[in-house]
Each structure stands twice: as C-alpha cells, then as structure tokens.
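Examining the three-dimensional arrangement
Residues per chain, in single letters:
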Amino acid sequence: MTPTSSYQAPYEYKLTPVMDVKAHVIAHAGIGKTDQSDLDIPDIAAPSEPPVQEPLGLPFTENFAAANTDEFFSNSYRDLSGLAGSGTPLFHRVTGAIDVSAGQLTMTGARISIANTTPAVSTTSADASTTGLLDLSNSYQVSFKVVTVAGNTAKSFQIYVDNNTSGSANSIHGGSSKFYSVQLQDLVPGQTYTVDGLVATATSFITLRTESEATITLDEITIQ
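These numbers were taken from a predicted model, which means no experiment stands behind them.

1. Digging into the overall build of the protein chain
Looking only at helices and strands, the protein chain has 2 helices and 9 strands in total. Taken from the N to the C terminus, the helices and strands of the protein chain come in the order α-β-α-β-β-β-β-β-β-β-β. Computed over the C-alpha atoms, the radius of gyration of the protein chain is 26 Å, more than 25% above the 17 Å expected from 2.2 N^0.38 for a compact globule of 224 residues. Looking at the protein chain as a whole, 34% of its 224 residues qualify as buried. When the accessible surface of the protein chain is split by element, carbon and sulfur atoms take 53% of a total near 12600 Å². Charge-centre separation for the protein chain: the mean point of 10 positive side chains lies 7 Å from the mean point of 22 negative side chains.

2. So, the packing of aromatic side chains
Evaluation of the coordinates by the stated rule reveals 10 aromatic pairs. Their ring planes at 90° and their centres at 6.2 Å tell us that Tyr140 and Phe179 sit as a pair that is edge-to-face. Of this pair, Tyr140 sits in the loop between β3 (104-114) and β4 (141-151) while Phe179 sits in strand β6 (residues 178-183), and the two are 39 residues apart along the sequence. The exposure class of Phe179 is buried, given its relative accessible area of 17%. Here Phe144 and Phe157 contribute two aromatic rings whose centre-to-centre distance is 5.1 Å and whose plane-to-plane angle is 65°, an arrangement assigned as edge-to-face. Of this pair, Phe144 sits in strand β4 while Phe157 sits in strand β5 (residues 156-161); the two residues are 13 residues apart in sequence, bridging distant segments of the chain. For the residue pair Phe144 and Phe157, the accessibility class agrees, reading buried in each case. One aromatic cluster is present, built from ring pairs that chain together Phe60, Phe64, Phe72, Phe73, Tyr77 and Phe91.

3. Here we look at the side chain of Gln158
Inspection of the secondary structure puts Gln158 in strand β5. Look at Gln158 and you get buried, because its relative accessible area is 2%. Within the local environment of Gln158, its side chain forms a polar contact with the side chain of Ser181, the two groups lying 3.3 Å apart. Beyond its immediate sequence surroundings of up to four residues, Gln158 is in contact with Lys178, Tyr180, Ser181, Thr207, Leu208, Arg209 and Glu211.

4. Describing a nonpolar patch on the surface
Nonpolar side chains collect at one region of the surface, where Tyr11, Tyr13 and Leu15 lie side by side and expose about 420 Å² of accessible area between them. Among the secondary structure elements, Tyr13 is positioned in the segment before α1 (21-28). Of the residues examined, Tyr13 reaches a relative accessible area of 52% and is grouped as exposed.

Calculation rules
- Note on numbering: residues in each chain are counted from 1, in written sequence order.
- Where totals are concerned, whole chains, interfaces and linings use all residues; where local detail is concerned, this predicted model gives features only for residues with pLDDT of at least 70, and gives and counts side-chain atom pairs only at 80 or more.
- Values reported for side chains reflect all heavy atoms of the structure, with hydrogen atoms and water molecules removed beforehand.
- The helix and strand labels rest on DSSP assignments: H or I over at least four residues marks a helix, E over at least two residues marks a strand, and numbering proceeds from the N terminus.
- Only C-alpha atoms enter the radius of gyration, while the globule expectation follows 2.2 Å times N to the 0.38, with N the number of residues.
- Partly exposed describes any residue whose relative accessible area lies between the buried limit of under 20% and the exposed limit of over 50%, with all areas from a 1.4 Å probe on protein chains only and scaled to the type maximum.
- Computed with the Shrake-Rupley method and a 1.4 Å probe, the accessible areas treat only the protein chains shown as cover for residues.
- For the charge count, each Lys or Arg is scored as positive and each Asp or Glu as negative, with His and the chain ends excluded.
- Every charge is mapped onto a representative atom, which is NZ of Lys, CZ of Arg, CG of Asp or CD of Glu.
- Each aromatic pair joins two rings of Phe, Tyr and Trp (for Trp, the six-membered one) with centres within 6.5 Å, and gets the label stacked for planes under 30 degrees apart, edge-to-face for over 60, and tilted for any other angle.
- We define a polar contact as two N or O atoms separated by no more than 3.5 Å, with the added condition that, inside protein, one atom must be a possible hydrogen donor and the other a possible acceptor, whereas residues neighbouring each other in sequence contribute only through side-chain atom pairs.
- Note on contacts: a residue pair is in contact if any heavy atoms of the two residues lie within 4.5 Å.
- Candidates for patches are residues over 30% relative accessible area with no salt bridge; among them, like charges are joined within 9 Å and nonpolar side chains (Val, Leu, Ile, Met, Phe, Trp, Tyr) within 5 Å.
- Whenever a carboxyl oxygen of Asp or Glu lies within 4 Å of a side-chain nitrogen of Lys or Arg, that contact is scored as a salt bridge.

Structure (structure tokens):
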C-alpha cells in the first residue's frame, strides 16, 4: 500500500497485519481482557481549585482553598486588600471550632468575620459607625453551598452584617443585623442557597455563625 501521510510516529511500534486486526480486537477488547497487573498506575488526584486572589470588592468569592486552617486565618492567604499580603487577615476567627481543608470550611459553634478592620473589637448597639471594607450600601445577596450538616441539627446557621457577636442587637443596625437564620435540619447537602442581605453601609463586614453544637461544612461563599 502507498502511504497517504508523511507523519512519523515518535515511538517504536509493530504493525498488525490488516487481515489479523479483527481477531486481535475481539481477543483483547472488553472488561478483564487486558492484564494491567504489572503496571504502576497512579491514583487519580482529586481536582483542586487555586485560592481566590483578587482585590476586595463585590462580587466577593471565597473557595476555601487554603492549605490548612492556620493559613486561612493568616494574611499570607488573604489580607484586607483581598490579596495575599502583610496586613490584617481578611478572615477572623471570633470563636468556636473551625477547620479548613480540601477546599471546604467546617464550623462548629463558631463565628467568622469577613473584611472587618477591627476584628477583635466586639460590636455594640452604641456603635457610631461600621468598620468593614465591603460596600453593602445597595441590595446584595449571599450565596453558599452546603456540603454536610451534623451535630445538633435543630440549631441554626446564621449570617450577620456589622455584628461579630452572638447577640443580634449588638450592632449599629440593631436586631436586624442577623438577616439570615436557618436550622441545619432544613438545609439539603449539595444544595446552593442564595439569601438577600440587609442593606447596610459602604463600610460593612459579614459574620458567619453556627450555634453551639451545630456543625456545617460549606464549599463556597459568594457576596454579590
């Protein structure tokens, strides 16, 4: 036969005669026909997302791609600029048990503030101004994907604005600062939820909270 291509395979090979191809395929195709016992086949690695590195603003996204919990709460992961830096960390553990691994955030009886410039100072109803770096002065929504819920599922997952305490009235916005609260038993694993946020100020921050004995694992959170 006359070749119809000038392509040369970059490896050694042995041609199977055309008349033998059918028998060869039948003999070797199908489950269990190929012996791979002497092959070193590596395990398939789980896909991983790179950390979000972008200037702070809306839309805001966090995919929890830190290597571990300590890194997640460090400025080397993201500081208040939204990027890796040397300033105040973007995320602050207020209280509770928190684990960040495999691109997921797990909280048990915990509070985490996002983009608060004075994260160690508890908010009060007497506050004259807000201390965050998110412009939430217009309508916005918070989306989060639930991976699992555990513990006392009659307890709630909550979202606050300009309030890093467990009391909803401890904010410039009064009791309205807790704009979302849902019992864990009402959340479906694998589901993404989108909730309307309380219109706040141009210098606001968000706090995520799980009540005591309540455990939730999230895959991603977006504010937009």
